[in-house]
Amino acid sequence: MPLDLFTVGDPIADTKAPMDVPIAERWSTRRFRARLVNPANRRKRTVIVVGTGLAGGSAAATLGEAGYRVESFWFHDSPRRAHSVAAQGGINAAKNYRNDGDSVHRLFYDTVKGGDFRSRESNVYRLAEVSVDIIDQCVAQGVPFAREYGGLLDNRSFGGAQVSRTFYARGQTGQQLLYGAYQALERQMAAGTVEQHARHEMLDLIVVDGRARGIVARNLVTGEISTHFADAVVLATGGYSNVFYLSTNAKGSNATAIWRAHKRGAYFANPCYTQIHPTCIPVKGDYQSKLTLMSESLRNDGRVWVPKERGDTRDPREIPEDERDYYLERIYPSFGNLVPRDIASRQAKNVCDEGRGVGPGGLGVYLDFSDAMQRLGRPAIEAKYGNLFDMYAQITGEDPYEVPMRIYPAVHYTMGGLWVDYDLQSTIPGLFVIGEANFSDHGANRLGASALMQGLADGYFVLPNTIGDYLADGPFPVLDDGHPAVTEALAGVQAQVEKLLSIDGNRTPASFHRELGRLMWDLCGMERSEESLRKALDRIPEIRQEFWTNLKVTGDWNTLNPTLEHAGRVADFLELAELMCVDALHRNESCGGHFRAESQTPEGEALRDDADFAYVAAWEWTPNGTAPVLHREALEYEYVHLAQRSYK
């Protein structure tokens, strides 16, 4: 690989996980060894938490409950608008309520395998261990999980597992869990331990003497740019799937907070690991602004199929059973329709590429509930999935109770994010990163129902136990706007806002975003190759150059200005997209959601290269247009044997 794309720096390692004890004892050992802050001193420590989704909302509430002074920032009008509210299918926990062989170790194993052996064993085991406490926490908050007839909590299956460990609330699990975290957050706001900053967007990280000490934020209503200081900063701002423009994420979801922190010195890990969700409503037109997820839980009872013959445009109800190809059941008899998302997505793409796709443009496959309706009856299906069926009918105008759904893969979750150690601290001391904003737990593919699990694990149980070890070094020096580092950060934000407003070109931020997104989907999407990635790396700088010379932002910065907000986020996406392509090009293997066309088995499955790529790629920002620096964190597997992933 040409050296002008990147340079190689020193290796990086996680030094916080206690590797001198067995994996089952590491979390309890780390908690015991971590220094504590006594209750009287907690009242003297301030923590900024950016984001109020499951990770940020639960973290702010828990830190406030513990006695810290917390400042919570979000860019919506209410914390309840965080994108976690859109999660549908469920949350995993190793409770073994079904007595079907589940355990903490099995959830750990399934997650490491599901991530295609590109995640840390210590982090994943802790996630599985903490999962059992999350359910108890949420039930105590009143989260209305589905229950069986006798009153016990119900479970269902998700992809990548042969046990039922997913707790759910119809197809609204994220909403109900977020409301639980929100009420805990509101309680702390009323108690005075959490100070709220609604409609504020973080635009820079303040780093003083090598430590994260605050943020620069813009009030999205008044345009005021302000500084906020703390002893530690926590980023819980979600993923960056909207770099693809069309994704299942809310339109406001963006990468600005983590990207600006990256430019301040936080390493960015595995940016090319993007998850494609197999169960989404297909794209309808060129000017569609987002995609709609149909929960993976639907694959419990829905069967995925396409016609056996190319070009079969008959009504699906008229196609006999012997002329249907239930291809997931055929290829993967052990897991069937519940294979992991990356595998289901690639197989959907394959049958559509063969000309057997259905719907407009042949970009769709059927998700059919006719067998389940006959077996269970319509009332049972309505009870489990009614709101999802209603959503599908409203969007498509088709009744999924009568006609099979049409689905196709779409960009969903990002496994990459800021690099963190076992304590969830980034390479900038005092900057902690939780939830989807970090890279830590999922490897190259996230198993379904694990995002909610990680967000709440980080916020309720992990961060509150690790941040104290850092805060025990305080108190830190008092800051004000006169400090040179603060002045520089404030001036940089103001300069960029002025630049965006002054270009006065001919193209809107949305037009650049749409062009970048299509390029990323075509060249760095479900399948990548050296040729496609080099094309992307040639074109992205050209788009970025035109952006900074031909952008049109209407309005000014002293009022509510969504166009200005969008412009700043697109500027960051244009830089992040290039790093994603560099990372995808340098990783000359296939693993999970990162599928290189040159690296596949004879059966078309992802082919890893463990000898050369069993590491976390942690990228260091270098200013002035110079190449980023790659730092490798070696991944070692002691408790899960490295093997070719198979679900057959």
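Relevant structure appears above.
Residues numbered from 1 in each chain as written. Predicted model: local features only at pLDDT ≥ 70, side-chain atom pairs only at ≥ 80, totals over all residues. Heavy atoms only, no water.

A. Summary view of the packing of aromatic side chains. A complete count under the given rule lists 22 aromatic pairs for this structure. Geometrically, the ring pair formed by Trp305 and Tyr326 is tilted, given 6.2 Å between the ring centres and 50° between the ring planes. Residue Trp305 is located in strand β13 (residues 303–307), and its partner Tyr326 is located in the loop between β14 (324–325) and α8 (327–331); the two are separated by 21 residues in the primary sequence. Exposure class is identical for Trp305 and Tyr326. Each is buried. The interplanar angle of 40° and the centroid separation of 6.0 Å between the aromatic rings of Phe613 and Tyr615 together place this pair among those described as tilted. Within the aromatic cluster, the residues linked to one another by ring pairs are Tyr240, Trp259, Phe268 and Trp621. A cation over an aromatic ring shows up here: Lys251 above the ring of Tyr245, its NZ or CZ 4.0 Å from the ring centre. The ring of Trp305 carries Arg324 above its face, with NZ or CZ at 4.2 Å from the centroid. (Phe/Tyr/Trp six-rings, centres within 6.5 Å; stacked < 30°, edge-to-face > 60°. Helix = DSSP H or I, 4+ residues; strand = E, 2+ residues; numbered from the N terminus. Buried < 20%, exposed > 50% of the residue type's maximum accessible area, 1.4 Å probe, protein only. Lys NZ or Arg CZ within 6 Å of the ring centre and 35° of its normal.)

B. Representation of empty space enclosed by the protein within the structure. Counted according to the given criterion, the structure contains five cavities of 30 Å³ or more. Reported here for the largest cavity is a volume of approximately 130 Å³. Taken together, 14 residues line the largest cavity, and the ones lying closest to its centre are Glu201, Leu203, Leu564, Glu565 and Gly568. Elements with a contribution of two residues or more to the lining of the largest cavity: β7 (200–208), α7 (256–263), α13 (484–502) and α16 (562–586). Looking at the lining of the largest cavity residue by residue, the classes come out as six nonpolar, three polar and five charged. A volume near 70 Å³ is recorded for the second largest cavity. As for the second largest cavity, its lining consists of Asn92, Leu107, Thr111, Phe158, Gly159, Ala161, Val163, Arg165, Thr166, Leu447, Gly448 and Ser450. Residues of the lining of the second largest cavity, tallied by class, amount to five nonpolar, six polar and one charged. (1 Å grid on protein atoms, 1.4 Å probe; cavity = no way out; pocket = protein on both sides within 12 Å on 5 of 7 lines; lining within 4 Å. Points joined across faces, edges and corners; volume = space filled by probe spheres on them. Nonpolar A, V, L, I, M, F, W, Y, C, P; charged D, E, K, R; others polar.)

C. Focus on helix α9 (residues 341–353). The end-to-end C-alpha separation of α9 is 18 Å, in line with the 18 Å expected for 13 residues at 1.5 Å each. Among the 13 residues that make up α9, eleven are buried, leaving the element largely enclosed by the rest of the structure. Those residues of α9 that sit buried are Arg341, Asp342, Ile343, Ala344, Ser345, Arg346, Gln347, Ala348, Lys349, Val351 and Cys352. Looking at the buried positions of α9, the neighbouring elements they touch are β12 (274–280), β13, α8, β15 (365–368) and β16 (405–414). Phi turns positive, to about 90°, at Gly355, one or two residues after α9. (Expected span 1.5 Å × (residues − 1). Contact = heavy atoms within 4.5 Å.)

D. Looking closely at the sheet that holds strand β11 (residues 268–269). With mixed pairing, the five strands of this open sheet are ordered in space as β1-β20-β19-β11-β17. Both edges of this open sheet fall to β1 (7–8) and β17 (417–418), since each of them pairs with a single strand only. Summarising the sheet, β1 and strand β20 (residues 629–634) pair through two bridges and their orientation is parallel. Bridge assignment links Val8 to a residue of β20, and that residue is Leu630. Of the strands in this sheet, β11, β19 (615–620) and β20 are in contact with α16, which crosses β19 at around 145°. (Pairing = 2+ DSSP bridges. Axes fitted to C-alpha atoms, helices over the stretch in contact; angles between N-to-C directions.)

E. Local environment of the nonpolar core. In terms of nonpolar packing, the biggest core is built from 187 residues, with Ile91, Leu235, Leu431 and Met520 touching the most fellow members. Here this core takes 14 residues from α16, the largest share from any one element. Sequence-distant contacts of Met520, that is, excluding residues within four places in its chain, are made with Val243, Phe244, Gly525, Ile540, Ala577, Met580 and Cys581. Counting residues in hydrophobic clusters, the runner-up holds five residues, among them Trp305, Tyr326, Val358 and Tyr366. (Core = buried A, V, L, I, M, F, W, Y, C linked by side-chain atoms within 4.5 Å.)

F. Molecular detail of the sheet that holds strand β9 (residues 225–229). Reading across the sheet, the three strands line up as β7-β8-β9 and stay open at both edges, with antiparallel pairing between neighbours. Whereas interior strands pair on both sides, the edge strands pair on one side only; in this sheet they are β7 and β9. Averaged over all pairs of adjacent strands, the angle between their axes in this sheet comes to 30°, without regard to strand direction. Relative to β9, strand β8 (residues 211–219) runs antiparallel, the two being bridged by five bridges. Each bridged residue has a counterpart across the sheet, and for Arg218 the counterpart in β9 is Ile225.

G. Representation of the layout of surface pockets in the model. Approximately 750 Å³ is the volume found for the second largest pocket. Surrounding the second largest pocket, 29 residues form its lining, Leu246, Val283, Arg518, Trp521 and Asp522 being those nearest its centre. When contributions to the lining of the second largest pocket are tallied by element, the ones reaching two or more residues are α9, β16 and α14 (509–524). The dominant element in the lining of the second largest pocket, judged by the number of residues it contributes, is α14, at six residues. By residue class, the composition of the lining of the second largest pocket is 16 nonpolar, five polar and eight charged.

H. Representation of the pattern of salt bridges within the structure. The final tally for this structure, using the stated rule, is 57 salt bridges. Between Arg30 and Asp423 there is a salt bridge, with its nearest N and O atoms 2.6 Å apart. On the criterion of sequence distance, the pair formed by Arg30 in helix α1 (residues 26–33) and Asp423 in the loop between β17 and β18 (431–433) is long-range, its members being 393 residues apart. In this pair, the class of Arg30 matches that of Asp423, namely buried. Measuring nitrogen to oxygen at the nearest pair gives 3.1 Å for the salt bridge that ties Arg534 to Glu530. Remark: Glu530 and Arg534 occur in helix α15 (residues 530–550); sequence separation between them is four residues, near one turn of the helix. A relative accessible area of 28% means that Arg534 is categorised as partly exposed. Glu530 gets classed as partly exposed once you look at its relative accessible area, which sits at 38%. Ionic contacts of the salt-bridge type, sharing partners, join the residues Asp116, Arg118, Asp342, Arg346, Arg587, Glu589, Arg608, Asp610 and Arg645 into one network. (Salt bridge = Lys/Arg side-chain N within 4 Å of Asp/Glu carboxyl O.)

I. Highlighting the pairing of strand β10 (residues 232–235). A two-sided burial pattern is seen for β10, the buried positions comprising Ala232 and Val234 on one face and Val233 and Leu235 on the other. Inspection of the sheet shows strand β2 (residues 46–50) paired to β10 by four bridges, in the parallel sense. Across the sheet, Val49 pairs through a bridge with Val234, a residue of β10. Inspection of the sheet shows β10 paired to β18 by three bridges, in the parallel sense.

J. Representation of the environment of Asn270 in the model. Positionally, Asn270 belongs in the loop between β11 and β12. The buried category is assigned to Asn270, whose relative accessible area is 2%. On a C-alpha basis, the gap between Asn270 and Thr549 in space is 31 Å, while along the polypeptide they are 279 residues apart. Setting aside its immediate chain neighbours within four residues, Asn270 contacts Tyr240, Gly416, Phe439, Asp583, Arg587, Val616 and Ala617.

K. Here's a closer look at the pairing of β15. The alternating pattern of β15 places Val365 and Leu367 on one face and Tyr366 and Asp368 on the opposite face, and all of these are buried. Sheet topology note: the β13/β15 ladder contains three bridges and is antiparallel. Its bridge partner being in β15, Trp305 is matched across the sheet by Tyr366. Inspection of the sheet shows β15 paired to β16 by three bridges, in the antiparallel sense. Paired with Leu367 across the strands is Met405, a residue of β16.

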